[in-house]
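Report on the structure
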Amino acid sequence: MTRAVLSLGSNLGDRLGHLRTALAALGESVLVVSGVYETPPWGDTEQPAYLNAVLLAADPTAGPYDWLARGRAAEDAAGRVRDPGRRFGPRTLDVDVVAVWTDDDRPVFSDDPELTLPHPRAHLRAFVLRPWIDIQPYGQLPGHGWLTDLLTTGPAAAEVPELSPRPDLTLESTA
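Source: prediction; values computed, not measured. (Residues numbered from 1 in each chain as written. Predicted model: local features only at pLDDT ≥ 70, side-chain atom pairs only at ≥ 80, totals over all residues. Heavy atoms only, no water.)

1. Some points on the nonpolar core
Heads up, the rule is: Only buried Ala, Val, Leu, Ile, Met, Phe, Trp, Tyr and Cys residues count toward a nonpolar core, and they belong to the same one when joined by side-chain atoms within 4.5 Å. Only protein chains enter the area calculation, which uses a 1.4 Å probe; residues under 20% of their type maximum are buried, those over 50% are exposed, and those in between are partly exposed. Runs of H or I in DSSP of at least four residues are treated as helices and runs of E of at least two as strands, each being numbered from the N terminus. Whether two residues touch is decided by their heavy atoms; if any such pair falls within 4.5 Å, the residues are in contact.
Counting residues in hydrophobic clusters, the biggest one holds 29 residues, and the most contacted among them are Leu6, Leu55, Trp67, Val97 and Leu171. Mapped by element, the contributors of at least two residues to this core are strand 1 (2-10), helix 1 (15-26), strand 2 (30-33), strand 4 (50-59), helix 2 (64-77), strand 5 (94-101) and strand 7 (115-117). Per-element tally for this core: the top contributor is helix 1, with five residues. Setting aside anything within four residues of it in sequence, one finds leucine 171 in contact with Leu16, Leu19, Arg20, Leu23, Val33, Val36 and Ala53.

2. Topic: the packing of helix 1 against helix 2
Where we set the bar: Every angle, taken between N-to-C directions, lies between 0 and 180 degrees, and every axis is a line fitted to C-alpha atoms, over only the stretch in contact when it is a helix. The labels follow the angle: roughly parallel below 35 degrees, roughly antiparallel above 145, roughly perpendicular from 65 to 115, and oblique for the rest. For any pair of crossing helices, the crossing counts as left-handed if the nearer helix is rotated counterclockwise from the farther one by less than a right angle, and right-handed if it is rotated clockwise.
Packing of helix 1 against helix 2 leaves a shortest axis separation of 9 Å and a crossing angle of 135°. Taken together, the axis directions place helix 1 and helix 2 in an arrangement best described as oblique. The chirality of how helix 1 crosses helix 2 is right-handed. Contact with helix 1, carried on its side by Thr21, Ala22, Ala25 and Leu26, involves Arg70, Ala74 and Ala77 of helix 2 and no other residues of that element.

3. Section: the packing of aromatic side chains
Stated formally: Geometry of aromatic contacts follows a simple scheme: Phe, Tyr and Trp rings, the Trp one being its six-membered ring, pair when their centres are within 6.5 Å, and the pair is stacked under 30 degrees between planes, edge-to-face over 60, tilted otherwise. Two conditions define a charge located above a ring, namely a distance within 6 Å from the ring centre to NZ of Lys or CZ of Arg, and an angle within 35 degrees of the ring normal.
According to the stated counting rule, one finds one aromatic pair in the structure shown. An angle of 65° between the planes, with centres 6.4 Å apart, marks the rings of tryptophan 101 and tryptophan 132 as edge-to-face. A residue pair is termed long-range when its members are at least 10 positions apart, and tryptophan 101 in strand 5 and tryptophan 132 in helix 3 (residues 126-135) qualify at 31 residues. Exposure remark for tryptophan 101: the relative accessible area of 9% places this residue in the buried category. Take tryptophan 132: its relative accessible area is 0%, and that puts it in the buried class. Over the ring of tryptophan 67 we find arginine 70, and its NZ or CZ is 4.9 Å from the ring centre.

4. Let's talk about the pairing of strand 4
For clarity, the threshold we go by: A pair of strands is considered paired only if DSSP assigns at least 2 bridges between the two.
The buried fraction of strand 4 is high, at 10 of 10 residues. Alignment of strand 1 against strand 4, held across nine bridges, turns out to be antiparallel. Each residue of the ladder has a partner; that of leucine 6, found in strand 4, is leucine 55. The pairing of strand 3 (residues 37-39) with strand 4 spans three bridges and is antiparallel. Residue pairing across strands places threonine 39 opposite tyrosine 50, the latter belonging to strand 4.

Take a look at the structure:
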């Protein structure tokens, strides 16, 4: 069995609907999902604001690349089109595999450019760390430390004031 933390983001079209598409595509593997946050775009700032959330999923048969394939399938279901000339551009749905653990609770590390684990920029992104804390208040990002420390004293701390919780928008797992 593996567990995975996945980050969801959408800033085109029905943003909340696209996040819900990801939950539906991931199905019964979703254990818990965070609250929804509205955030300014990261990297390429000339685009609409995002809705972001994080989820924890588990599956006894899934390996790290299975989580990547499932995330991409969810993106496809939401009509995502990749613009190779715009790395951090707008998208209907972005699903990132942030971290994966084995069945004996060991983190998976990978330097593969196709799937770097843990996600190489997760420790820099308040829009990943803050929702993750919603579902795992005592969580740790493998190789980087406690989520709360990363959010309050790390580089992501500067982004915290830009996060807007959206309690009016809800996501629920089907598990």
